[in-house]
Amino acid sequence: MRLKNACSAALVYAVYAVYVASSARADTAADLAACADERVKTAMLPIEQLADAEISCTRVLEDTTSDPDRQKAAFFRGLMRFLQVMQAGMALDANADGSMQEYKLPTQKDVAAALTDVQTAIDLEGPLKGEALALRVTINQTIGQPDGVVGDIEAAMLAAPADATPFVQRALEAERRGNLAAALSDLDQAIEKDARSGPALIARGLLLRRVGHLAKALEDLKTAITLGPPYRRLALIQKSEIESRTGDLRASFDDMLSAARETGDMSAEDAHAMNMDLMIRAGDLALDSLKDPAAAEGLYNEAAKLSPGDWRWQLGLGRAAEARGQKEKAIEIYNRILDGTHSVPNLLERNDAAWHLTRLTQPVLQRRAGEFTPGFEFGIVPENPSPDGLKRLAFTIGSGNYTELSSLPNARRDAAIIANRLADMGFDAIEIAEDIDSKNLINLPAYIGERARDADIVVVFYAGHGVETGGVNYLVPVDAAIGNETDLKTTALALQDLTAAASKARRGALVIIDACRDNPFIEAKAVASSRGLA
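Residues numbered from 1 in each chain as written. Predicted model: local features only at pLDDT ≥ 70, side-chain atom pairs only at ≥ 80, totals over all residues. Heavy atoms only, no water.

**Focus on the pairing of strand β6 (residues 472-475)**
Two strands pair when backbone bridges link them, and strand β5 (residues 466-469) and β6 are joined in this way by four bridges, in the antiparallel orientation. Bridge pairing links E468 to N473 in β6. Linkage of β5 to β6, two consecutive antiparallel strands, is achieved through a turn of two residues, within which G470 is found at a positive phi near 60°. As judged from the two bridges shared by β6 and strand β7 (residues 493-494), these two strands associate in the antiparallel manner. Bridge assignment links Y474 to a residue of β7, and that residue is A494. (Pairing = 2+ DSSP bridges. Helix = DSSP H or I, 4+ residues; strand = E, 2+ residues; numbered from the N terminus.)

Laid out in structure tokens, this is it:
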């Protein structure tokens, strides 16, 4: 009887043990599925989901002895940990005064746990060795630690010969060293291995853009767009920027708007923020390049629905009202921004609103547009003495209100910011000019040269349109006509003439030019053509 009871107990225990083991295997399988979330490769998951996946990976590593499963869990835990570090670093809150914090790259200490997991995945035998090596390359490239990267890339190529990723990473290293030909060759090889590799197509498109092969760059970006999330949005943005350079402004606007309406590549919260930002960029394109304030106003209002409390779309509405000649409406909007941002004095939109309001309400500044004005009329008064007794003189120029070329809404603001900084550095006198026309621009060297003779140090800052033709760089006046490109020698200012004038200072001179050398006349002709004007 005791034997029978003992056998029965043993049978029950055996059944229980099988049940527990089966449950454990089921739990491990569920944890592994949650850990190895492949969505992380195609979408920006919320940081909470990354943390949950990390916990699942940890349970797998604690409960299983299978090398392939442990490799998978270690790889994905390393990936989840790295992505959490990156997302936490990007989630920058504004300072108390409204200014933005400076983004800082993660350090070796920040990613130490992720690198430990990746090393574990590399050491284990399994199918993810190549991906683990590639992930370590990505982490080290991100934190600026190139030592060992080349070796890892070569090892990844051997571990996964068909994978395009190591070739993209080797291209990034070559580009970092300035070897653009080698970078392009590696990207060509990556695309040969995988013609639909999103990272390779976008990286080659960006590199081709950098070296001036814009048509080829557009082809790569068009292919990347067809891949869908997560590559579609970035490719649309890059394609829009290239089209803006080539003068295809309508296509540029359409692509930026498409990027602003993308979904499925990130969490709803992140998508709202991204789409709002891109909607404002599309509005700026409509206002400043297409010269269509009505369309811009509609987009700023659409951005308002995505983020009612953001000040950027309100600033856009003020600028659109100005462009439509609705002065009182613009003043009301700018005042509303100022009233609502008292607690954040360094908020960029607050400073922009104050700058626009000043120019709408101070006629003296409007009358003197195009001529140099003492800085004190802009509220800029040098308070710090010269640190070494040398006489310092600064000229800042901001030309943004072009009559036929695309507007540059930040040029005058940037000139005022630079003037303020120079005042803090001990410059004795600062003069500011805005929206210089051809008459005043041509006379600029004579004026600056005469004043420079009485100064030890001269600084000239220019923000506005520039263009290079025949090997000569020119600064473009605000009244430049669309068909006037061939007359640059008589209507624009050669940069070398401005430099020569500033160089008449007794001790030294610095000329700073904030101007893209893309030809602005191409854009202007494209806009005019779309309106039937050219």
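**Details of the sheet that holds β6**
One open sheet accounts for three strands, arranged β5-β6-β7; its pairing is antiparallel. The open sheet has two free edges, formed respectively by β5 and β7, since each of these has just one partner strand.

**Structural notes on the packing of helix α11 (residues 231-246) against helix α12 (residues 249-260)**
With their axes 8 Å apart at the nearest point, α11 and α12 run at an angle of 160° to one another. The pairing of α11 with α12 is recorded here as roughly antiparallel in orientation. Classified by chirality, the crossing of α12 by α11 is left-handed. Contact with α11, carried on its side by R232, R233, L236, I237, K239, S240, E243 and S244, involves L249, A251, S252, D255, M256, S258 and A259 of α12 and no other residues of that element. (Axes fitted to C-alpha atoms, helices over the stretch in contact; angles between N-to-C directions. Parallel < 35°, antiparallel > 145°, perpendicular 65-115°, else oblique. Left-handed = near helix turned anticlockwise from the far one by under 90°. Contact = heavy atoms within 4.5 Å.)

**Some thoughts on the packing of aromatic side chains**
The final tally for this structure, using the stated rule, is four aromatic pairs. Between F75 and F76, the ring centres sit 5.1 Å apart and the planes meet at 90°, which makes this aromatic pair edge-to-face. F76 carries the same exposure label as F75, and that label is buried. An angle of 10° between the planes, with centres 5.5 Å apart, marks the rings of F372 and Y447 as stacked. Here the residue F372 occupies a position in the loop between α18 (363-367) and β1 (373-374), and Y447 occupies one in helix α21 (residues 444-452), the gap between them amounting to 75 residues. Under the relative-accessibility criterion, F372 is labelled buried at 11%. A network of ring pairs unites the aromatic residues F372, F395 and Y447 as a single cluster. (Phe/Tyr/Trp six-rings, centres within 6.5 Å; stacked < 30°, edge-to-face > 60°. Buried < 20%, exposed > 50% of the residue type's maximum accessible area, 1.4 Å probe, protein only.)

**Some thoughts on the sheet that holds strand β8 (residues 508-514)**
Across the sheet, which stays open at both edges, the five strands sit in the order β1-β3-β2-β4-β8 with mixed pairing between neighbours. Both edges of this open sheet fall to β1 and β8, since each of them pairs with a single strand only. For strand β2 (residues 392-398) and strand β4 (residues 457-463), the ladder comprises seven bridges, and the chain directions are parallel. Within β4, the position partnered with L393 by the bridge is V458. Where helix α19 (residues 411-424) meets the sheet, it contacts β2, β3 (429-434), β4 and β8, and its direction lies at approximately 165° from that of β2. Sheet strands in contact with helix α23 (residues 495-502) are β4 and β8, and its direction is about 150° off that of β8.

**Brief notes about the state of the cysteines**
With the rule as written, the count across this model stands at one disulfide. Two residues, C35 and C57, share a disulfide whose sulfurs are 2.0 Å apart. Across the S-S bond of C35 and C57 the torsion is about 95°, and the bridge reads as right-handed. Remark: C57 occurs in helix α2 (residues 47-63) and C35 occurs in helix α1 (residues 2-35); sequence separation between them is 22 residues. (Disulfide = S-S within 2.5 Å.)

**Describing unusual backbone geometry**
Cis geometry marks the peptide bond from P229 to P230, where omega comes out at 0°. By the element assignment, P230 lies in the loop between α10 (214-225) and α11. Backbone geometry places K291, a non-glycine residue, at a positive phi of 55°. Residue D435 is not a glycine yet carries a positive backbone phi of 50°. As for its position among the elements, D435 is in the loop between β3 and α20 (438-442).

**Remarks on the packing of α12 against helix α13 (residues 268-289)**
Packing of α12 against α13 brings their axes to within 8 Å, and their N-to-C directions diverge by 160°. Taken together, the axis directions place α12 and α13 in an arrangement best described as roughly antiparallel. In terms of crossing hand, the pair formed by α12 and α13 is left-handed. Packed against α12, whose contacting residues are L249, S252, F253, M256, L257, A259 and A260, the element α13 presents N275, L278, M279, R281, A282, L285, A286 and S289 at the interface. The class makeup of the residues in the contact of α12 with α13 is eleven nonpolar, three polar and one charged. (Nonpolar A, V, L, I, M, F, W, Y, C, P; charged D, E, K, R; others polar.)

**Overview of a nonpolar patch on the surface**
On the surface, M90, Y103 and L105 cluster together to form a nonpolar patch covering roughly 310 Å² of accessible area. Its place among the elements puts M90 in helix α3 (residues 67-90). (Patch = residues over 30% accessible without salt bridge, like charges linked within 9 Å, V, L, I, M, F, W, Y side chains within 5 Å. Areas by Shrake-Rupley, 256 points an atom, 1.4 Å probe, with all protein chains shown as cover. Salt bridge = Lys/Arg side-chain N within 4 Å of Asp/Glu carboxyl O.)

**Details of the nonpolar core**
Counting 64 residues, the largest nonpolar core has F253, Y300, W313 and Y334 as the members making the most contacts within it. Once you skip the residues sitting within four places of it in the chain, Y300 turns out to touch I280, G283, D284, L287, W313, G316, L317, R319 and A320. Counting residues in each nonpolar core, the second largest holds 31 residues, with L45, M86, I122 and I139 among its members. (Core = buried A, V, L, I, M, F, W, Y, C linked by side-chain atoms within 4.5 Å.)

**Quick notes on the environment of F75**
Relative to the helices and strands, F75 resides in helix α3. For F75, a relative accessible area of 3% corresponds to the buried category. Spatially, the C-alpha atoms of F75 and L128 are 7.6 Å apart, while their sequence positions differ by 53 residues. The residues contacting F75, other than those within four sequence positions of it, are A121, L128, E131, A132 and L135.

**Digging into the side chain of D31**
Here D31 lies in helix α1. The class for D31 is buried, based on a relative accessible area of 10%. Within the structure, the side chain of D31 is placed 3.0 Å from the side chain of R59, a separation counted as a polar contact. In this structure, D31 is in contact with S56, R59 and V60, ignoring residues within four places of it in sequence. (Polar contact = N/O pair within 3.5 Å; in protein donor to acceptor, adjacent residues only side chain to side chain.)

**Thoughts on the environment of L50**
Here L50 lies in helix α2. Each C-alpha atom, one on L50 and one on C35, is 8.9 Å from the other, the two residues being 15 residues apart in sequence. Filtering out sequence-adjacent residues up to four positions away, L50 remains in contact with V40, L45, M80, L83, Q84 and Q87.

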